[in-house]
Amino acid sequence: MRVSIFIIALLFLGAIPQFSFAQSEATTTASTTESGGFFEAVIENISGLKDTVTEVVPQSKGVLSATAEKRLTNLAANISNRLDGLNARLRQISSRLEVRINKQAEAGYNVDQARASLATANELLATASNNLKNIDQDVYRAFRSLTPKEDWRKVRATYIEARDTIRAAHTELKNTVVLLKSSTPAAPVATSTASTTQ
């Protein structure tokens, strides 16, 4: 009798990990199919992999569920963080280029074009920062509204505008580097010395 209780207890303890694994696998499958491709479409739209992806929005009767709202808010926060991080990295590059421009100017190189290009890049980065300044509040309002699909389109447009502005700033920074590499020493100013004879 004791042996059979011991065997039953061992079988029961051996079955617990398999049951919990099956349960967690079912939960994972349910959560991934629940999204219905919406997250993938949003990521592709914002990251610029495809600008023409048709938006897929969960079919709801007006208001997103708390789970969907949380997931979408987290996704939007990730996108915002990536754009802000990219903007910050480009600003660091801009600072280094400014130091380089000043060094070349001191060495007598003509760096006016590079300086103008860098100024344009800095303006674009400032515009992108300004576009993303209130994005968290816009995301919050969009996913809490009664018409999240329409409100999301406005937020998406803000993300795309910021992305394109950052991309233009990156191009302008590359142009600055090219201009610095091709800069030439400034022409020496001719000085004349007049000698007088008596």
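So, how was this worked out
- Residues numbered from 1 in each chain as written.
- Predicted model: local features only at pLDDT ≥ 70, side-chain atom pairs only at ≥ 80, totals over all residues.
- Heavy atoms only, no water.
- Helix = DSSP H or I, 4+ residues; strand = E, 2+ residues; numbered from the N terminus.
- Buried < 20%, exposed > 50% of the residue type's maximum accessible area, 1.4 Å probe, protein only.
- Contact = heavy atoms within 4.5 Å.
- Areas by Shrake-Rupley, 256 points an atom, 1.4 Å probe, with all protein chains shown as cover.
- Arc of directions from axis to C-beta.
- Axes fitted to C-alpha atoms, helices over the stretch in contact; angles between N-to-C directions.
- Parallel < 35°, antiparallel > 145°, perpendicular 65-115°, else oblique.
- Left-handed = near helix turned anticlockwise from the far one by under 90°.
- Nonpolar A, V, L, I, M, F, W, Y, C, P; charged D, E, K, R; others polar.
- Core = buried A, V, L, I, M, F, W, Y, C linked by side-chain atoms within 4.5 Å.
- Salt bridge = Lys/Arg side-chain N within 4 Å of Asp/Glu carboxyl O.
- pLDDT = per-residue confidence, 0-100.
- Phe/Tyr/Trp six-rings, centres within 6.5 Å; stacked < 30°, edge-to-face > 60°.

Along the backbone of the chain there are six helices and zero strands. Written out in order from the N terminus, the α and β elements of the chain read α-α-α-α-α-α. Counting only residues that meet the buried cut, the chain has 29% of its 198 residues in that class. Of all intrachain contacts in the chain linking residues separated by at least 6 positions in sequence, the fraction that spans at least 24 positions is 77%. Surface summary for the chain: the accessible area is close to 13700 Å², and the carbon and sulfur share equals 57%.

Listing the buried residues of helix α5 (residues 135–144) in full gives Ile135, Val139, Ala142 and Phe143. Along the axis of α5, the buried positions cluster into a sector of 85°, meaning they face one direction only. The secondary structure elements touched by the buried residues of α5 are α3 (66–106) and α6 (148–181).

To continue, consider the packing of α3 against α5. It is at 10 Å that the axes of α3 and α5 come closest, and there the two elements cross at 155°. With respect to α5, the element α3 is oriented roughly antiparallel. Here α3 runs over α5; the crossing is right-handed. Packed against α3, whose contacting residues are Glu69, Leu72, Thr73, Ala76 and Ser80, the element α5 presents Ile135, Asp136, Val139, Phe143 and Arg144 at the interface. Class assignment of the residues belonging to the contact of α3 with α5 gives a composition of five nonpolar, two polar and three charged.

With that out of the way, let us pick up the nonpolar core. With 30 residues, the main nonpolar core has Leu83, Val139, Phe143, Val155 and Tyr159 as its most contacted residues. For this core, the secondary structure elements donating two or more residues are α3, α4 (112–131), α5 and α6. In this structure, Val139 is in contact with Thr73, Ala76, Val155 and Tyr159, ignoring residues within four places of it in sequence.

What follows concerns the pattern of salt bridges. Side-chain pairs of opposite charge can arise whenever the charged atoms involved come near each other. Inspection of every chain in the model, using the stated rule, returns four salt bridges. Of the charged contacts, one joins Arg144 and Glu69 as a salt bridge, the two residues approaching to 2.5 Å between their closest N and O atoms. Separated by 75 residues along the polypeptide, Arg144 in helix α5 and Glu69 in helix α3 bring together distant segments of the chain. Across the salt bridge formed by Asp138 and Arg141, the nearest N and O atoms sit 2.6 Å from each other. Remark: Arg141 and Asp138 occur in helix α5; sequence separation between them is three residues, near one turn of the helix.

Turning our attention to the confidence of the model for the chain. Detailed reading of predicted coordinates is not advised where the pLDDT is low. Here the chain averages 76 in pLDDT, while 62% of its residues score no lower than 70. Element-level mean pLDDT values for the chain span from 49 in helix α1 (residues 2–35) up to 95 in α4. Within the model, the stretch residues 19–36 combines pLDDT values under 50 with six contacts to residues more than four positions away or in other chains. With pLDDT under 50 throughout, residues 49–62 is counted as low confidence; its partners more than four residues away or in other chains account for 25 contacts.

What follows concerns the packing of aromatic side chains. Any two aromatic rings considered together are summarised by their centre-to-centre distance and by the angle between their planes. Applying the stated criterion across every chain yields a total of two aromatic pairs. Ring centres 5.4 Å apart and planes at 20° place the aromatic pair Phe143 and Trp152 in the stacked group. By the burial criterion, Phe143 is buried, and Trp152 matches it. Ring centres of Trp152 and Tyr159 lie 6.2 Å apart, and the angle between their planes is 55°; this geometry places the pair in the tilted category. We classify Trp152 as buried; its relative accessible area is 3%. On the basis of relative accessible area, Tyr159 is assigned to the buried category, the value being 0%. One aromatic cluster in this structure is built from Phe143, Trp152 and Tyr159.

A separate point is the environment of Asn130. Within the secondary structure layout, Asn130 lies in helix α4. Its relative accessible area of 47% is what places Asn130 among the partly exposed residues. Taking the C-alpha atoms as reference points, Asn130 and Ala162, separated by 32 residues in sequence, lie 8.7 Å from one another.

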